[in-house]
Amino acid sequence: MAADRRYFFISGLPRSGSTLSAGLLRQNPRFYAGMSSPIASLFDSLIAQVSAGTELSTMVNEEQRARLLRGLFDSYYADRDEPVIFDTNRAWTAQLPALMRLFPDAKLICLVRDLSWIMDSMERQFRQNAFEHTRLFNSGAERATVYTRVEALAGANRLVGYPWHALREACYSEFAERLVIVEYDLLAQRPAEVFKLLYEFLDEEPFEHDFNAVDYDAPQFDAQLGLNGLHRVHQTVAPRPRQTILPPDLFERYSKLAFWRNLPNSKAFRIVAREAADAQGAVMPPPTHPVTAPSN
């Protein structure tokens, strides 16, 4: 492994372009990026094993803990030759204090999207796999109706609610300046400009990406979730307007939760629509009308 290897992180909300971004980033021969890795789970489990109250807590000092945690990354990516690694997981925004101790120069790309369209996307996946009981829901009561499904996903420790809370915490943390928030609609509409800004934020040399030749799929992973096609991306990056399948009251409720469009006193950089931009945000045109949006 190269001694000067850099680690970056992809995080944010589900169904917001993290897999698409990884598929694009890996076009650069200097970069490696993929879908969610197991490192974040191993990271948290290792900390739990040596924390107060365990028999190992007095046997592993702080320096050793840091080496063990860093070793997770070095071991997992030992067979990669690329000097820049992007590790993807929605949990990283909740682990910033530890992450920044290990990688003081690391930066996070946080993909976001209106929660109403995230819920719409998840509901479409559910209906497309009508003969499968996806593992996203813990009981028949949770998966019973669109209302119970959306409510379950929005729980504070569930697929959508957890990263939403974690990202909001990160935006107001002392490490907020290490984050760049990217709106999915803008990535779909103007990918070249968004990636130019990303490269500037990451302090990496520009690279000409092919936004008409994206390749990423994870059929085996999606099959064990019971959601075929969850991580399959379109070959061409482009907006794909559609009408929502959510009931109007659900759509309206979750469309009001895009906190990143108004982040007073946050140092997080934002690639957002013009009406939401400020001194820390890139000026971009507004996204599509709120009743239609690109699909994954």
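Structural data are supplied above this passage.
Residues numbered from 1 in each chain as written. Predicted model: local features only at pLDDT ≥ 70, side-chain atom pairs only at ≥ 80, totals over all residues. Heavy atoms only, no water.

**Student:** Requested: an account of the overall build of the chain, with residues and values cited.
**Tutor:** When you go through the chain residue by residue, the secondary structure sums to 11 helices and seven strands. Of all intrachain contacts in the chain linking residues separated by at least 6 positions in sequence, the fraction that spans at least 24 positions is 73%. As displayed, the chain has an accessible area near 14200 Å², and 51% of this comes from carbon and sulfur atoms. (Helix = DSSP H or I, 4+ residues; strand = E, 2+ residues; numbered from the N terminus. Contact = heavy atoms within 4.5 Å. Areas by Shrake-Rupley, 256 points an atom, 1.4 Å probe, with all protein chains shown as cover.)

**Student:** Pulling in residues and values, what's your account of the side chain of S18?
**Tutor:** With respect to the helices, strands and loops of the structure, S18 is situated in helix α1 (residues 18–25). Exposure remark for S18: the relative accessible area of 15% places this residue in the buried category. (Buried < 20%, exposed > 50% of the residue type's maximum accessible area, 1.4 Å probe, protein only.)

**Student:** Which residues make up the packing of aromatic side chains, and what are the values?
**Tutor:** On inspection of all chains with the given rule, the structure shows 21 aromatic pairs. A centroid spacing of 6.3 Å and a plane angle of 75 degrees characterise the contact between F43 and F73, whose relative ring orientation is edge-to-face. Taken together, the residues span a long stretch of sequence, with F43 in helix α2 (residues 39–49) and F73 in helix α3 (residues 62–76) at a distance of 30 residues. On the basis of relative accessibility, which here comes to 0%, the residue F43 falls in the buried class. Residue classification places F73 among the buried positions, given a relative accessible area of 0%. Site record: aromatic cluster; members linked through ring pairs are Y7, F9, Y32, F43, F73, Y76, Y77, W92 and F103. Taking NZ or CZ as reference, K107 lies 4.9 Å from the ring centre of F201, over its face. (Phe/Tyr/Trp six-rings, centres within 6.5 Å; stacked < 30°, edge-to-face > 60°. Lys NZ or Arg CZ within 6 Å of the ring centre and 35° of its normal.)

**Student:** Tell me about the nonpolar core, and name the residues and values.
**Tutor:** With 55 residues, the main nonpolar core has F9, F73, W92, L179 and W260 as its most contacted residues. Take this core: its biggest share by element is six residues, from helix α5 (residues 115–128). Those residues in contact with W260 that lie beyond four places of it in its chain are L13, V112, R113, D114, L115, I181, E183, R270 and V272. Judged by nonpolar contacts, the second largest core, of 28 residues, contains L24, L25, V194 and F195. (Core = buried A, V, L, I, M, F, W, Y, C linked by side-chain atoms within 4.5 Å.)

**Student:** Which residues make up the pairing of strand β5 (residues 179–183), and what values do they have?
**Tutor:** With five of five residues buried, β5 lies mostly within the body of the structure. In β5, alternate side chains face the same way, and those of L179, I181 and E183 on one face and V180 and V182 on the other are all buried. Bridge count for strand β4 (residues 108–112) against β5 is five bridges, and the pairing is parallel. Counterpart to I109 in the pairing with β5 is V180. As judged from the three bridges shared by β5 and strand β6 (residues 269–273), these two strands associate in the parallel manner. Each residue of the ladder has a partner; that of V182, found in β6, is I271. (Pairing = 2+ DSSP bridges.)

**Student:** Give a detailed account of unusual backbone geometry, specifying residues and quantitative values.
**Tutor:** Phi angles above zero are rare outside glycine, and R15 is one such case at about 55 degrees. With respect to the secondary-structure elements, R15 resides in the loop between β1 (6–12) and α1. Its identity is not glycine, yet N265 carries a phi of approximately 65 degrees, on the positive side. Considering the arrangement of structural elements, one finds N265 in the loop between α11 (248–254) and β6.

**Student:** Provide a residue-level description of the environment of W164, including the pertinent values.
**Tutor:** If you trace the backbone, W164 turns up in helix α7 (residues 161–171). W164 sits in the buried class, given a relative accessible area of 12%. Excluding anything up to four places from it in sequence, W164 contacts L13, L115, L257 and F259.

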